Amino acid sequence: PDEPDIMTDNAISAGADPAFHADVLAGFQSRPRAIPARWFYDLRGSELFERITDLPEYYPTRVERSILGDKASEIGTAVGTSRAVVEFGSGSSAKTPLLLEAIDPAAYVPIDISGEFLRESAEALSADFPGLPVYPVEADFTHPVPLPVAIAEMPKLGFFPGSTIGNFIPPSAVDFLRAMKETLGTGAMLLIGMDRVKSADMLVPAYDDAAGVTGAFNLNLLERINRELAGDIPIDAFRHRAIWNDMLARIEMHIEAVRDVRFSVAGQDFAMERGETVHTENSHKYGPRDARILLRAGGWTVTHEWTDAANQFALILAEA
Ligand code: AVI
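Our subject in this report is the structure included herewith. If you're wondering where the values come from, they're calculated on a predicted model, not measured in any experiment.

Thresholds applied
- Residues numbered from 1 in each chain as written.
- Predicted model: local features only at pLDDT ≥ 70, side-chain atom pairs only at ≥ 80, totals over all residues.
- Heavy atoms only, no water.
- Helix = DSSP H or I, 4+ residues; strand = E, 2+ residues; numbered from the N terminus.
- Buried < 20%, exposed > 50% of the residue type's maximum accessible area, 1.4 Å probe, protein only.
- Polar contact = N/O pair within 3.5 Å; in protein donor to acceptor, adjacent residues only side chain to side chain.
- Axes fitted to C-alpha atoms, helices over the stretch in contact; angles between N-to-C directions.
- Parallel < 35°, antiparallel > 145°, perpendicular 65-115°, else oblique.
- Contact = heavy atoms within 4.5 Å.
- Nonpolar A, V, L, I, M, F, W, Y, C, P; charged D, E, K, R; others polar.
- Phe/Tyr/Trp six-rings, centres within 6.5 Å; stacked < 30°, edge-to-face > 60°.
- Lys NZ or Arg CZ within 6 Å of the ring centre and 35° of its normal.
- Near = heavy atom within 4 Å.
- Areas by Shrake-Rupley, 256 points an atom, 1.4 Å probe, with all protein chains shown as cover.
- Arc of directions from axis to C-beta.
- Pairing = 2+ DSSP bridges.

Remarks on the side chain of Asn218
As for its position among the elements, Asn218 is in helix H9 (residues 213-228). Taking relative accessible area as the criterion, Asn218 reaches 0% and is therefore assigned buried. In this structure the side chain of Asn218 is engaged in a polar contact, spanning 2.9 Å, whose partner is the side chain of His240.

Here's what the structure looks like:
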C-alpha cells in the first residue's frame, strides 16, 4: 500500500477552532454526552439550516415572516420611526427587509460572529435600502457589544427573530437578554421571536422532517468533526433523533448510536454502545406567560405581542 501522507492523513486541520476541539472532546467524555449546538454552523451546516427553513414541516420561519408582514403597520405604530435597528445574529438578514419597511429606521446595525456572511448580507441590504446607514459589527452577540459611535444618540430597537432564544437553556437565555439590554442602553426596545408550546405531533416532525434535511444537519456535526478534528467516526453507525421533552418544554436533538461503535477524534479513543446518544441541541418553546416571565427575568417588560391565527409563534415587543 501507499505510504500514508503524514501532512494530510489524520491531521487536525490547520484552521480548526481550538474551542471546537475542546467542546467536542469534553462532549464525548461527559455523561450525558453533549456537544453545543453552535458547532452545527459551518458552511455546510449553514446551507442545511437554510434548507430547513423552507421545509413544509418547519413552520417557525414561515409563520414568523407572515406575522411580520401581516402586522407590519401595528408594529410600525408601536415602535415608531427613527430608531436604530440592532439585529443580533443577523446571518443572512432574511427577515430584516420586512421590519425595515414597517418602521422606517434611522440606521441598521447587523451583529454577527461570521464576518464574511455579515458583510455580504449588509451589502445586499444597503442596495435594497439606499440612504439607510448600515454599520455591520462582527462580534459574539451573547456578550455586551460596543455599538458604533454614529448611532450613540439614536434610540435603539433590538431585533432577535427566529426563536433563537429557544436554543439557550433558560439561565443562559436570561444572561443573554441582560447582555442585549446592556448593549442597547436606556430607552431601548426589543422585538423578539419566540416559538410557542404546541402538540408533539406538530413539533417532532418540524425537527425530524420526511426529506431527512434536519437529520443531515444534525449528522453534519459528525462529518465536521471528521473533517476538522481528524476523526474517523463511521457516520452510518449513527442516526438523528428529535424528542419532545415535556417536563422541560423543549425539543431535544440527539445523535444516537445504532450499533456498538468505537472511533477516535484528535488522537483520543471513544466507545459508544448501541442506543447511547450525544445531545446536540435544545429548542425551548414558550407559552405566553412563560415568555413574559423569561423576558422580565432578563430585564425586559413586554408591551405588545403579535401571533398568527393558529397561535403557533409569537413576535414580542418589550422595553428595557
Ligand atoms: C436556529 N434555531 C432557532 C433552530 C430551532 O428551531 O431551534 C435550529 C434548528 N434545529 C433544527 N431545526 C432548526
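Brief notes about the packing of helix H2 (residues 43-52) against H9
Contact geometry for H2 and H9: axes closest at 9 Å, N-to-C directions at 175 degrees. Considered as vectors, H2 and H9 are oriented roughly antiparallel to each other. Here H2 contributes Arg44, Gly45, Leu48, Phe49, Arg51 and Ile52 to the contact with H9, which in turn contributes Val213, Thr214, Ala216, Phe217, Asn220 and Arg227. For the contact of H2 with H9, the class distribution of residues is six nonpolar, three polar and three charged.

Focus on the packing of aromatic side chains
Applying the stated criterion across every chain yields a total of 17 aromatic pairs. Relative to Phe176, the ring of Phe168 has its centre 4.9 Å away and its plane inclined at 20 degrees; by these criteria the two rings are stacked. The buried category is assigned to Phe176, whose relative accessible area is 1%. Above the ring of Phe20, the side-chain terminus of Arg224 is found at 4.5 Å from the ring centroid.

Notes on the site of the ligand
Taken together, 14 residues are adjacent to the ligand, and Tyr58, Asn167, Tyr207, Glu281 and Ser283 come closest. One of the side-chain nitrogen or oxygen atoms of Tyr58 is found 2.5 Å away from an oxygen atom of the ligand. Tyr207 places a side-chain nitrogen or oxygen 2.5 Å from an oxygen atom of the ligand. If the ligand stood free it would expose 340 Å²; the protein chains cover 96% of that surface.

Details of helix H10 (residues 288-297)
Residues of H10 that are buried include every one of Ala291, Leu294 and Leu295, and no others. Projected down its long axis, H10 carries its buried residues within an arc of 95 degrees, all on one side. For H10, exposure combined with an orientation more than 90 degrees from the buried face picks out Arg289, Ile293 and Arg296. Turning to H10, the residues buried within the fold contact helix H7 (170-184), strand S6 (189-195), strand S12 (301-307) and strand S13 (313-319). Positive backbone phi, at 95 degrees, marks Gly299, one or two positions downstream of H10.

Looking at the sheet that holds strand S8 (residues 250-257)
The sheet built from four strands is open, its strands ordered S1-S11-S8-S7 with mixed pairing. The sheet terminates laterally at strand S1 (33-34) and strand S7 (238-245), the two strands that pair on one side only. Note that S8 and strand S11 (residues 277-284) share seven bridges and pair antiparallel. For Ile251, the partnering residue across the bridge sits in S11 and is Ser283.

Focus on the sheet that holds S6
Read from one edge of the open sheet, seven strands run S4-S3-S2-S5-S6-S13-S12, paired in mixed fashion. Every other strand in the sheet has two partners, leaving strand S4 (137-138) and S12 as the edge strands with one partner each. Judged from the four bridges that link them, strand S5 (residues 156-160) and S6 form a sheet pairing that is parallel. By the bridge assignment, Leu157 is partnered in S6 with Met189. Against the sheet, helix H3 (residues 59-70) touches S5, S6, S12 and S13, its axis set at about 55 degrees to S13.

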